[in-house]
Amino acid sequence: MPRFHCPLPLASGAVLALPPTAARHVQVLRLQPGDAITLFDGRGGEHAATVTRMGRSDVEVEIGAHDPVEREAARAVHLVVGMPANERMDWLVEKATELGAASIQPVAAARSVLKLAGERAAKRQAHWQAIAVAACEQCGRNRVPTVHAPLPLAEGLRSTAAAADADGTRLVLSLRAGSRSLRDAAGAGSGPVWVLHGPEGGLTGQEEDAAIAAGFAPAGLGARVLRAETASVAALAQLVFP
């Protein structure tokens with residue numbers, strides 16, 4: 001059954017007009033009055049709904065029963081990612097959402113190819129957030145991970161330190177000798193984990209030192225050097241599916 005994100009208050013029995021993005025998707029699928037769909041507002045669970053009217057550019061639906069089903073990972077994994085360039089970051093956001101990332105904080109490091117600021121950064125953030133929404137619609141998640149505005153690495157470290165509570169674990173992916181495996185470093189608990197990794201070319205030694213000084217423990221994914229987007233997927237797979 002088609003699933004659509006509808007960031008509006010959803011109440012059983014209500015009739016409402018879908019927001020433009022969801023309405024456009026319903027029209028592209030050529031759905032008709034009487035067709036069943038599923039809606040979720042991102043706050044948990046999902047609603048059955050029925051299309052009641054198809055206009056030229058608007059769609060009305062009647063909201064049905066709420067199903068409190070949750071498909072979130074047992075452990076919240078937050079990514080702090082050195083932005084890879086071009087479509088690689090799009091791919092990272094999509095796959096991280098499918099795998100259950102709780103949030104994604106893009107950061108610009110010394111070796112980052114992608115440099116964003118001002119209006120361009122805001123547009124790219126909105127683009128990535130839309131990718132996360134579409135991935136949730138596809139994979140069945142009912143809570144949309146936040147893709148934060150890009151930050152310089154130093155600001156990202158401070159922001160993460162402020163967000164991590166007493167139960168949080170902060171890890172930086174590293175090839176340094178003596179680094180524990182990511183799974184061992186994260187521990188067996190269910191507390192949230194923040195995982196930092198660099199862009200193309202990785203973090204510089206100075207940046208890695210700064211991350212460790214800020215409370216990130218070095219952790220490894222093995223002896224091979226992974227691309228930035230692959231590192232996110234590998235880290236999530238280890239922590240979400242232990």
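Thresholds, definitions, all that
Residues numbered from 1 in each chain as written. Predicted model: local features only at pLDDT ≥ 70, side-chain atom pairs only at ≥ 80, totals over all residues. Heavy atoms only, no water. Buried < 20%, exposed > 50% of the residue type's maximum accessible area, 1.4 Å probe, protein only. Helix = DSSP H or I, 4+ residues; strand = E, 2+ residues; numbered from the N terminus. Arc of directions from axis to C-beta. Contact = heavy atoms within 4.5 Å. Axes fitted to C-alpha atoms, helices over the stretch in contact; angles between N-to-C directions. Parallel < 35°, antiparallel > 145°, perpendicular 65-115°, else oblique. Nonpolar A, V, L, I, M, F, W, Y, C, P; charged D, E, K, R; others polar. Salt bridge = Lys/Arg side-chain N within 4 Å of Asp/Glu carboxyl O.

Draft legend 1. Fine view of helix α1 (residues 20–28). Burial in α1 covers these residues: Ala-22, Ala-23 and Val-26. Summarising the axial view, the buried residues of α1 lie within an arc of 100 degrees, below the 170-degree limit, and thus occupy one face. Across from the buried face of α1, at angles greater than 90 degrees, the exposed residues are Pro-20 and Val-28. Taken together, the buried residues of α1 touch β1 (3–5), β4 (46–54) and β5 (59–67). Backbone geometry just downstream of α1 places Arg-30 in the positive-phi region, at approximately 60 degrees.

Draft legend 2. How the structure looks around the packing of helix α2 (residues 87–99) against helix α7 (residues 228–240). Relative orientation of the contacting elements α2 and α7 amounts to 5 degrees, with a least axis distance of 9 Å. The angle between α2 and α7 falls in the class roughly parallel. Residues Arg-88, Trp-91, Leu-92, Lys-95, Ala-96 and Leu-99 of α2 form the contact with α7, whose participating residues are Ala-228, Glu-229, Ser-232, Val-233, Leu-236 and Val-240. Its residues placed into classes, the contact of α2 with α7 shows eight nonpolar, one polar and three charged.

Draft legend 3. Expanded view of the pattern of salt bridges. Under the definition given, this model contains 13 salt bridges. Taking the shortest distance from any N to any O, the salt bridge between Asp-58 and Arg-53 comes out at 2.1 Å. Overall, the relative accessible area of 34% leaves Arg-53 in the partly exposed class. For Arg-143, the salt bridge goes to Glu-70, with nearest N and O atoms at 2.9 Å. One end of the pair, Arg-143, is in the loop between α3 (118–139) and β8 (146–147); the other, Glu-70, is in the loop between β5 and β6 (77–82), with 73 residues separating them in the sequence. Using a relative accessible area of 33% as the deciding quantity, one classes Arg-143 as partly exposed. Salt bridges linked by common partners bring Arg-3, Glu-46 and Arg-71 together as one network.

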